[in-house]
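Spelled out from the first residue to the last, the chains are:
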Amino acid sequence: MDKVIKPINKINAVITVPGDKSISHRAVMFGSIAKGDTEITGFLTGDDCMSTISCFKKLGIDIEVNGDKVVVHGKGLHGLTAPDELLDVGNSGTTIRLISGLLAGQKFNCKLNGDASIQKRPMNRVIKPLSAMGAKIKSTNDGYAPLEITGTPLKAIEYKMPVASAQVKSSVLLASLYADGETVVIEDMPSRDHTEIMLNYFGADIKNENGRITSTPVEELYAKPVTVPADISSAAFFIAAGLLTPNSEITVTNVGINKTRTGILDAFLEMGADIKITNERLAGGEPVGDLVVKTSDLKAITLGGDIIPRMIDEIPVFVVAALAANGTTVVKDAQELKVKESNRIATMIEELGKMGAKITETDDGMIIEGGQKLHGGTTYSHLDHRVAMSVAVAALNAEGATTITDADCVGISFPNFYELLESLR
Ligand code: S3P
């Protein structure tokens, strides 16, 4: 599907965006290995989370989906059963990496694969630590999916993370539930901690002391209701739209504002953005708030270090904001962008380039001259949902209309993205 996005004059709206992708995945996975029924509300029914549901159904778990309400009839830590067929993770890196850890210590074998993009995303980052735990996991494609797992007893390890990745950390923590002792994961830079929060909520024993994360196996996990907050990664597109569009005010309600995810707010605030968090509260152990955003004159900043993992998925839309800022923005320490659903350094530079943007690529990020006025053009999503949505945000303040080809990939994380965008007019 092609999508045409026309410029917008002004935004004045109160909106809600769909549920958090990371938390939705985890609610299904951990609900499946908890005893009892996990009732999930605010579940993201995007393609990625539906891939997770499909995998757990094949692992013998009964899951009911009714709009954004999902009930997972969990069978406990040792209740999964051997799948009859391949587990297809679709486009979802979170699914393949987390369930690899979860399946490594089971008493059965399985095969995992996904789409063309998944088959280009590095899996050695989980194969290595899981193998150190004694897992029998192998790639039949030189470090990429397909993966074959032969379930086997696991041993506890101490693992220092070579990259900041919540997917790798979570994979090891899930394997640790089936290990013979205390597993330690050490992270230099904090990555999202939804796994630690939700596993503990279900009865696991995971402690984090200054980045030294210790997991002690427990006998059983127990189901509990999960309320999924709105995804800050999805909210980010509308925050940026509000900041960049003249005379605008937009409120995004009920957004998850876990500190490991709010790098984008910190970056925008440092640029001089007018963003206020109101109505702060806790929902299921996760902090939530409403974000009130007003048009702002942004100034350039240098982005690097600890903030990068705290906003890794929002960097594409951050780049769109940086193009409008005053001064030169530098993004560094962001090599991880190269191994996302697309190489997001290359794809963002290429697609925004078609709209007139001049961005210089560096080894670990990019240099963005601010004050660039964009024009419409024909762009391509690269089948990457966040590239498509970032280009759509750029198009709102470009001169003339912009076409995005293969635009329906937004369904991965934000099925009603275009409808919500159009509703702002
Ligand atoms: C995710 C972790 C991040 C993020 C992805 C979701 C998660 O990936 O980019 O969209 O749910 O754990 P990495 O762990 O590879 O950084």
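Residues numbered from 1 in each chain as written. Predicted model: local features only at pLDDT ≥ 70, side-chain atom pairs only at ≥ 80, totals over all residues. Heavy atoms only, no water.

Engineer: Summarise the overall build of the protein chain; cite the residues concerned and give the values.
Structural biologist: Looking only at helices and strands, the protein chain features twelve helices and 23 strands. For 425 residues, the compact-globule estimate of 2.2 N^0.38 gives 22 Å, and the C-alpha radius of gyration of the protein chain, at 21 Å, lies within 12% of that figure. Its C-alpha atoms give the protein chain principal-axis dimensions of about 60 × 40 × 40 Å. Within the protein chain, contacts between residues separated by at least 24 positions form 75% of all contacts whose residues are at least 6 apart in sequence. Positive and negative charge centroids in the protein chain, built from 42 and 53 side chains respectively, lie 1 Å apart. (Helix = DSSP H or I, 4+ residues; strand = E, 2+ residues; numbered from the N terminus. Rg over C-alpha atoms; globule rule 2.2 N^0.38 Å. Contact = heavy atoms within 4.5 Å. Lys, Arg positive; Asp, Glu negative; His and termini not counted. Charge placed at Lys NZ, Arg CZ, Asp CG, Glu CD.)

Engineer: So what's going on with the sheet that holds strand β22 (residues 378–380)? Residues and values would help.
Structural biologist: If you walk across this open sheet you meet the three strands as β1-β23-β22, and the pairing is mixed. Only two strands of the sheet have a single neighbouring strand rather than two, namely β1 (3–5) and β22. Each strand of the sheet is rotated relative to its neighbour by a mean of 25°, with strand direction disregarded. Pairing analysis gives three bridges linking β22 to strand β23 (residues 402–405), with the strands arranged parallel. Across the sheet, residue Tyr 380 finds its bridge partner in β23, namely Thr 405. Running over the sheet, helix α11 (residues 385–396) touches β1, β22 and β23 and is turned about 175° from β23. (Pairing = 2+ DSSP bridges. Axes fitted to C-alpha atoms, helices over the stretch in contact; angles between N-to-C directions.)

Engineer: Tell me about the side chain of His 25, and name the residues and values.
Structural biologist: Looking at where His 25 falls in the secondary structure, it is placed in helix α1 (residues 21–32). A relative accessible area of 0% places His 25 in the buried class. Beyond its immediate chain neighbours, meaning those up to four positions away, His 25 contacts Asp 48, Cys 49, Thr 52, Ser 92, Thr 94 and Thr 95. (Buried < 20%, exposed > 50% of the residue type's maximum accessible area, 1.4 Å probe, protein only.)

Engineer: Pulling in residues and values, what's your account of the site of the ligand?
Structural biologist: Every residue near the ligand is listed here: Lys 21, Ser 22, Arg 26, Thr 94, Arg 97, Ser 165, Ala 166, Gln 167, Arg 192, Ile 312, Asp 313 and Lys 340. Within the side chain of Arg 26, an N or O atom sits 2.7 Å from an oxygen atom of the ligand. In this structure, an oxygen atom belonging to the ligand sits 2.7 Å away from a side-chain N or O atom of Lys 340. If you map the ligand onto the pockets, it falls in the largest pocket. Looking at the shell around the ligand, the elements that each hand over two or more residues are α1, α3 (93–104) and α5 (166–176). (Near = heavy atom within 4 Å. Polar contact = N/O pair within 3.5 Å; in protein donor to acceptor, adjacent residues only side chain to side chain. 1 Å grid on protein atoms, 1.4 Å probe; cavity = no way out; pocket = protein on both sides within 12 Å on 5 of 7 lines; lining within 4 Å. Sits in = over half its atoms within 2 Å of the grid points.)

Engineer: Can you lay out the sheet that holds strand β14 (residues 226–227) for me, pointing to particular residues and giving the numbers?
Structural biologist: Taking strand neighbours across the sheet as the criterion, the four strands line up as β4-β5-β3-β14 in an open arrangement whose pairing is mixed. Across the chains shown, the open sheet's two edge strands, defined by having one partner strand only, are β4 (62–66) and β14. Across six bridges, the pairing between strand β3 (residues 35–41) and strand β5 (residues 69–75) is antiparallel. Paired with Gly 36 across the two strands is Gly 74, which belongs to β5.

Engineer: Describe in detail the environment of Ala 82, supporting the description with residues and values.
Structural biologist: Structurally, Ala 82 can be placed in the loop between β5 and β6 (87–88). With 21 residues separating them in the primary sequence, Ala 82 and Leu 103 have C-alpha atoms 9.9 Å apart.

Engineer: A description of empty space enclosed by the protein should follow, citing residues and the corresponding values.
Structural biologist: By the definition in use, this model includes two cavities of 30 Å³ or more. Estimated volume of the largest cavity: approximately 90 Å³. Lining the largest cavity are Ile 23, His 194, Ile 197, Met 198, Tyr 201, Pro 225, Val 226, Thr 227, Ala 283, Gly 284 and Glu 286. Sorting the residues of the lining of the largest cavity by element identifies α6 (194–201) and β14 as the ones contributing at least two each. (Points joined across faces, edges and corners; volume = space filled by probe spheres on them.)

Engineer: Outline the nonpolar core, listing residues and values.
Structural biologist: Core analysis: the biggest nonpolar cluster contains 79 residues, and Phe 238, Phe 268, Phe 318, Leu 352 and Phe 417 have the highest contact counts within it. The greatest single-element share of this core, amounting to ten residues, is contributed by helix α7 (residues 232–244). Contacts of Phe 268, omitting those with residues within four sequence positions, involve Ile 239, Ala 240, Leu 243, Ala 273, Ile 275, Phe 318 and Ala 321. (Core = buried A, V, L, I, M, F, W, Y, C linked by side-chain atoms within 4.5 Å.)

Engineer: Explain helix α9 (residues 315–324) residue by residue, including any values.
Structural biologist: For α9, the buried fraction is high: nine of the ten residues fall into the buried class. Considered for burial, the residues of α9 that qualify are Ile 315, Pro 316, Val 317, Phe 318, Val 319, Val 320, Ala 321, Ala 322 and Leu 323.

Engineer: Pulling in residues and values, what's your account of the domain arrangement of the protein chain?
Structural biologist: Domain parsing of the protein chain yields domain 1 (3–18 + 230–423) and domain 2 (21–217). In this complex, domain 1 contributes 24 residues to the contact, which on the side of domain 2 involves 22 residues. Taking both partners together, domain 1 and domain 2 bury about 2,000 Å²; carbon and sulfur atoms supply 52% of that area. At the boundary of domain 1 with domain 2, the tally comes to three salt bridges. Residue Glu 341 is joined to Arg 121 by a salt bridge in which the shortest nitrogen-to-oxygen separation is 3.9 Å. Taken together, the links from domain 1 to domain 2 amount to twelve residue pairs in polar contact (both at pLDDT 80 or more). The class makeup of the residues in the side of domain 1 that touches domain 2 is six nonpolar, eight polar and ten charged. (Domains from an automatic or database assignment. Buried area = accessible area lost by both parts, 1.4 Å probe. Salt bridge = Lys/Arg side-chain N within 4 Å of Asp/Glu carboxyl O. Nonpolar A, V, L, I, M, F, W, Y, C, P; charged D, E, K, R; others polar.)

Engineer: Give a detailed account of the packing of α9 against α11, specifying residues and quantitative values.
Structural biologist: In contact at an axis separation of 8 Å, α9 and α11 are set at 20° when each is read in the N-to-C sense. Our classification of the angle between α9 and α11 gives roughly parallel. In the crossing of α9 with α11, the sense of the turn from one axis to the other is right-handed. Here α9 contributes Pro 316, Val 317 and Val 320 to the contact with α11, which in turn contributes Arg 386, Ser 390, Val 393 and Ala 394. (Parallel < 35°, antiparallel > 145°, perpendicular 65-115°, else oblique. Left-handed = near helix turned anticlockwise from the far one by under 90°.)

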